[in-house]
Every structure is written in structure tokens, then in C-alpha cells.
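# Descriptive analysis of the structure
In case you want the letters, here they are:
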Amino acid sequence: MGISAATGRRHRHRLVALFTTAVVAAPLAVLAGATSAQAAPACTKSTGPHQKAVEGFLGLKADGRQSAKDCKRIQSFQTKHGISPNIGYAGPVTWGVMKLMNKQKAAGKNPNRAGKCPTNKGRIACVDLTRQLSWIQDGKKLVKGPFPVRTGRDRYETRTGAKKVYWRNRNHWSTLYDVAMPYSQFFDGGQAFHSIKGSVWSPPGSHGCVNMRPSDAAAYWKLLRNGDDVYVYGRKPGT
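So, here's what we can say about the structure. (Residues numbered from 1 in each chain as written. Predicted model: local features only at pLDDT ≥ 70, side-chain atom pairs only at ≥ 80, totals over all residues. Heavy atoms only, no water.)

## Overview of the pairing of strand β6 (residues 179-188)
The following threshold applies: Partly exposed describes any residue whose relative accessible area lies between the buried limit of under 20% and the exposed limit of over 50%, with all areas from a 1.4 Å probe on protein chains only and scaled to the type maximum. Each helix is a run of DSSP H or I of at least 4 residues and each strand a run of E of at least 2, with the numbering of both proceeding from the N terminus. Strand pairing follows a simple DSSP-based rule, namely that at least 2 bridges must link the two strands.
Counting buried residues along β6, seven of its 10 residues qualify, which places the element largely inside the surrounding structure. Judged from the seven bridges that link them, strand β5 (residues 167-174) and β6 form a sheet pairing that is antiparallel. Following the sheet pairing, W173 is matched in β6 by A180. Counting the residues between successive antiparallel strands, the hairpin from β5 to β6 contains four residues, one of them, D178, with a positive phi of roughly 55°. Direction of pairing for β6 relative to strand β7 (residues 191-195): antiparallel, over a ladder of three bridges. Each residue of the ladder has a partner; that of F186, found in β7, is A192. Once β6 ends, the chain turns through two residues before running back antiparallel as β7, passing G189 with a positive phi of about 60°.

## Some words on the state of the cysteines
Stated formally: Disulfides are defined in this document as cysteine sulfur pairs within 2.5 Å.
Here the structure, examined in full by the defined rule, presents two disulfides. Between the sulfur atoms of C43 and its disulfide partner C71 the distance amounts to 2.1 Å. Judged by the torsion about the S-S bond (-110°), the C43/C71 disulfide is left-handed. Remark: C71 occurs in helix α3 (residues 68-80) and C43 occurs in the loop between α1 (5-38) and α2 (51-57); sequence separation between them is 28 residues. C71 gets classed as buried once you look at its relative accessible area, which sits at 1%. The disulfide bridge from C117 ends at C126, spanning 2.0 Å between sulfur atoms. The chirality of the disulfide connecting C117 with C126 is left-handed, given an S-S dihedral of about -85°.

## Quick notes on the side chain of D229
Applicable threshold: Polar contacts, as counted here, are pairs of nitrogen or oxygen atoms within 3.5 Å of one another; within protein the pair requires one atom able to donate a hydrogen and one able to accept it, and residues that are adjacent in sequence qualify only if both atoms are side-chain atoms. Residue contacts are defined here by distance: any two heavy atoms, one from each residue, within 4.5 Å place the two residues in contact.
Considering the arrangement of structural elements, one finds D229 in strand β9 (residues 229-233). A distance of 2.9 Å separates the side chain of D229 from the side chain of K164, its partner in a polar contact. Once residues lying within four places of it in the same chain are set aside, the contact partners of D229 are K121, R123, I124, A125, K163 and K164.

Structure representation (C-alpha cells):
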């Protein structure tokens, strides 16, 4: 059965109205959710067990006593690096991240000073789980890095030993975790170098992959090829 022109116009007007309402309302809902999710929690007044060390790391007056300024700075660091709860408390997790950063900085341009990554294989990507560092070397020559990385958390440890890059996928998508894995270079089963959003210092760690900052993962993508050696050693703190 047909419909009149007037009835057709009414249907079209209702559809336009519904579509307009949906388009306008959706962004408002998203923005409202984002605002509440990003709202910082209240700062704690409590002095943490690592207060003085954390203050020193952040360049604050290292008196070992919590202040409103101290709390805001600590909270900002926690938020930036995905440390939860981000209430400005100078606890062991926050200090653990800072200690790790200090060790990474101390590696300088000679990360293989101890000679733990093989120097007799030509080009090789080294992964030091203990310091959460990775670099590429050719013999004893440092080619790229060292870069801070995030490896497997407890029970999902990045496996140690000699490996080889066997598959590369520039725009890989993990069907297991439903997440993007740009610059993926697989070297041991489902474990791969790849970039992540957010901080590579965010605890507790990955599900086994070597997470990298986007620019660092892109540099590895340009340098490594299938068949290149990878060597993983050490033990990630907390595993």
C-alpha cells in the first residue's frame, strides 16, 4: 500500500529530528564521561615511606614531610605514568618507578658495559629485563638506544634467551587483547616489540611483549629485519 506525500514528509521530518538529536547528544555524553573520568582525586596529606627520596627525585625540598605542593607534584608524576592510586602518596610503587628511571639514566651510552648481551652475532636487539632497557648493537658498537621499555608483568614474563625476529606487521591488531600493536616485530611466539599509548613506566607491565614509545618502536622497525637476533636477559622487578 502507498503513502501520501504529506505522510512521507512527516516521516522524513521525524527521522531528521532523531538523527540530529543522536548526533548532538552523543558527543555531550562522551564529554561528560571524559570529564568525570579525568577528574583528579583528592591529594593525600599523609607522608609516605619514601617521601624524602621521592621529593629529591622531583627536585622538591627533601625534608621528608608531605606538603600540598609535594602532593600535587607527586600526583602529577603518578598520573603521567599510570600509577594507581594517583593521590600523591610517596609509596613503594612510585619510588620503584623513580629508582628504575635512575638506573636507566645511569646506563648512558654504554648499556652493555657488563657484557651480558652477545657481541659476536653482528646486529642484535638486546633486552635487559632488570633495567627495563632495550638497544640495538652491532658487535660492541651501539647502533640505537638504549630505550626504556615495559616488559611482561608477573605470570606474563617476557621469556629470556636467544631469539630471532620471525614476523613483522606494521599495523598489527591483537585479537587476544583487542588492542592496536603498531610496529610489531615478533621474536618469541606472541611476544613482540611494539609501541603503546601512554607511559612505558606504567606498572605492573605488559602481557609478555616489549612495549616501547612510538618513536622508539618506529626506529626499531627501520633497523630490524626478519632473521635478526634478539637476546633477552635479567629479571623484571616485581616478577
